[in-house]
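Examining the three-dimensional arrangement
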Amino acid sequence: MKRVKLKTELDELTLLELFWVEPKISQPQDGYSCYEVTDEMGVVLKFGVDIIQESVQIDLKLSDIPIVSFSYEQVEYLDIIDESQGKFAFSFSPKQVNFDSNVQVQLRPKIQISGATLLTS
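In this report, we go over the structure that sits alongside the text. For clarity, every value in this text was computed on a predicted model and none was experimentally measured.

Conventions adopted
- Residues numbered from 1 in each chain as written.
- Predicted model: local features only at pLDDT ≥ 70, side-chain atom pairs only at ≥ 80, totals over all residues.
- Heavy atoms only, no water.
- Pairing = 2+ DSSP bridges.
- Helix = DSSP H or I, 4+ residues; strand = E, 2+ residues; numbered from the N terminus.
- Axes fitted to C-alpha atoms, helices over the stretch in contact; angles between N-to-C directions.
- Core = buried A, V, L, I, M, F, W, Y, C linked by side-chain atoms within 4.5 Å.
- Buried < 20%, exposed > 50% of the residue type's maximum accessible area, 1.4 Å probe, protein only.
- Contact = heavy atoms within 4.5 Å.
- Salt bridge = Lys/Arg side-chain N within 4 Å of Asp/Glu carboxyl O.

1. Here's the deal with the sheet that holds strand E1 (residues 2–5)
- Ordered by their spatial adjacency, five strands build an open sheet running E1-E7-E8-E9-E10, and the pairing between neighbours is antiparallel. Only two strands of the sheet have a single neighbouring strand rather than two, namely E1 and strand E10 (112–119). Recorded for the sheet is a direction-independent mean angle of 20 degrees between the axes of neighbouring strands.
- Bridge count for strand E9 (residues 99–106) against E10 is eight bridges, and the pairing is antiparallel. Its bridge partner being in E10, Asn102 is matched across the sheet by Ala116.

Encoded structure:
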């Protein structure tokens with residue numbers, strides 16, 4: 001596993017190696033890029049990352065039908081678990097809140113997303 005700090009270590013090459021496509025939107029001056037991939041079942045994942053704001057946005061569609069959208073803030077790291085499967089994860093734990101959240105994404109061979117938010121006490 002490789003841990004990459006969003007603000008200082010995440011770059012376009014790292015994301016290109018993970019997604020296997022060029023960004024659909026790239027605004028380096030604003031720290032924003034967006035990638036879109038489609039699996040063999042027609043599931044479309046749109047992944048936007050803002051390194052300045054430390055935020056991540058995920059949209060899932062089936063063909064042209066929106067399924068779900070997620071937005072996360074205070075994401076410090078991206079954990080790259082397996083580049084060949086496009087498998088990565090990120091966690092966030094907002095300050096002064098007693099919970100941790102973890103989201104795991106797999107891009108290949110099929111798009112899969114799982115996650116949990118748990119109390120820390």
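2. Considering the nonpolar core
- Among the nonpolar cores identified, the biggest contains 25 residues, and Phe19, Leu45, Phe47, Phe88 and Phe90 are the most heavily contacted of them.
- If sequence neighbours within four positions are ignored, Phe90 has contacts with Phe47, Val56, Ile58, Tyr72, Val75, Tyr77, Leu78, Ser101, Asn102 and Val103.

3. A short note on the pattern of salt bridges
- Evaluation of the coordinates by the stated rule reveals three salt bridges.
- Residues Asp79 and Arg3 are paired through a salt bridge, measuring 2.7 Å at the closest nitrogen-oxygen approach. A residue pair is termed long-range when its members are at least 10 positions apart, and Asp79 in strand E7 (residues 77–82) and Arg3 in strand E1 qualify at 76 residues.
- Take Asp79: its relative accessible area is 7%, and that puts it in the buried class.
- Linking Glu36 and Lys24 is a salt bridge whose minimum nitrogen-to-oxygen distance equals 3.9 Å. Here Lys24 lies in the loop between helix H1 (12–19) and strand E2 (25–27) and Glu36 lies in strand E3 (residues 32–38), a separation of 12 residues in the sequence.
- For Glu36, a relative accessible area of 27% puts it in the partly exposed group.

So, to be careful, I would describe these as geometric facts and stop short of saying anything about function.
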